[in-house]
Amino acid sequence: MSVSTFHTPAPRSTMLVRRRIATYFTGGATQVPALIGALSQQGRPVHELSVDIREGVRESSMVCAVLLPGEEIDHLLARLRDLPAVVSAELA
């Protein structure tokens, strides 16, 4: 009697990739908490955060690095773009 053994592949853990994201927004410093909240949803750590808000300039910018699975980057950028104050969000 022969016994056949089937191997199912072990579940692969999703590799986290460090992505730099640049976001341009209006509304100044009052918008920063919403931006960081959108970036860090689902417990994703935000690193190297830099915000540039200048007097008399309509748009401000924020650049940071986020650790997330590669397949989630488009969803994250779309979530940022959906915020009312965001003019654009893109990979830096």
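Look a little higher up for the structure.
Report follows, based on the coordinates. (Residues numbered from 1 in each chain as written. Predicted model: local features only at pLDDT ≥ 70, side-chain atom pairs only at ≥ 80, totals over all residues. Heavy atoms only, no water.)

Quick look at the overall build of the protein chain
At step 1: The secondary structure content of the protein chain amounts to 2 helices and 4 strands.
At step 2: Helices (α) and strands (β) of the protein chain occur, in sequence order from the N terminus, as β-α-β-β-α-β.
At step 3: Across the 92 residues in the protein chain, those meeting the buried criterion constitute 27%.
At step 4: Put simply, the protein chain shows about 6300 Å² of open surface, and 54% of that area lies on carbon and sulfur atoms. (Helix = DSSP H or I, 4+ residues; strand = E, 2+ residues; numbered from the N terminus. Buried < 20%, exposed > 50% of the residue type's maximum accessible area, 1.4 Å probe, protein only. Areas by Shrake-Rupley, 256 points an atom, 1.4 Å probe, with all protein chains shown as cover.)

A word on the packing of helix H1 (residues 32-39) against helix H2 (residues 73-81)
At step 1: Packing of H1 against H2 leaves a shortest axis separation of 9 Å and a crossing angle of 160°. Accordingly, the angle class assigned to the pair H1 and H2 is roughly antiparallel. H1 and H2 meet at a crossing whose hand is right-handed. Touching Leu35, Ala38 and Leu39 of H1 are Leu76, Arg79 and Leu80, all from H2. (Axes fitted to C-alpha atoms, helices over the stretch in contact; angles between N-to-C directions. Parallel < 35°, antiparallel > 145°, perpendicular 65-115°, else oblique. Left-handed = near helix turned anticlockwise from the far one by under 90°. Contact = heavy atoms within 4.5 Å.)

Comments concerning the side chain of Ser61
At step 1: Among the structural elements, Ser61 can be located in strand E3 (residues 60-69).
At step 2: Residues within four places of Ser61 in sequence aside, it is in contact with Thr23, Tyr24, Phe25, Ser50, Val51 and Asp52.

Brief notes about the pattern of salt bridges
At step 1: Inspection of every chain in the model, using the stated rule, returns 5 salt bridges.
At step 2: As a salt-bridge pair, Arg44 and Glu72 come within 3.1 Å of each other at their nearest N and O atoms. With Arg44 in the loop between H1 and strand E2 (46-52) and Glu72 in the loop between E3 and H2, this pair connects stretches of sequence that are 28 residues apart. (Salt bridge = Lys/Arg side-chain N within 4 Å of Asp/Glu carboxyl O.)

Overview of unusual backbone geometry
At step 1: Even without a glycine there, the phi angle at Glu48 is positive, about 50°.
At step 2: Relative to the helices and strands, Glu48 resides in strand E2.
At step 3: Overall, Glu48 belongs to the partly exposed group, its relative accessible area being 48%.

Quick word on the sheet that holds E3
Strand-to-strand pairing in sheets goes through backbone hydrogen bonds, with the strands running parallel or antiparallel.
At step 1: Spatially, the 4 strands line up as an open sheet ordered E2-E3-E1-E4, and their pairing is antiparallel. Pairing within the sheet leaves two strands with one partner each, and these edge strands are E2 and strand E4 (86-91). Strand-to-strand twist across the sheet, computed as the mean angle between neighbouring axes with direction ignored, equals 20°.
At step 2: By the bridge criterion, 5 bridges tie strand E1 (residues 16-25) to E4 in an arrangement that is antiparallel. The partner of Tyr24 across the bridge, within E4, is Ser88. (Pairing = 2+ DSSP bridges.)

Considering a nonpolar patch on the surface
At step 1: The grouping of Leu49, Val51 and Ile53 at the surface amounts to a nonpolar patch, some 210 Å² of accessible area in total.
At step 2: On the secondary structure map, Val51 appears in strand E2. (Patch = residues over 30% accessible without salt bridge, like charges linked within 9 Å, V, L, I, M, F, W, Y side chains within 5 Å.)

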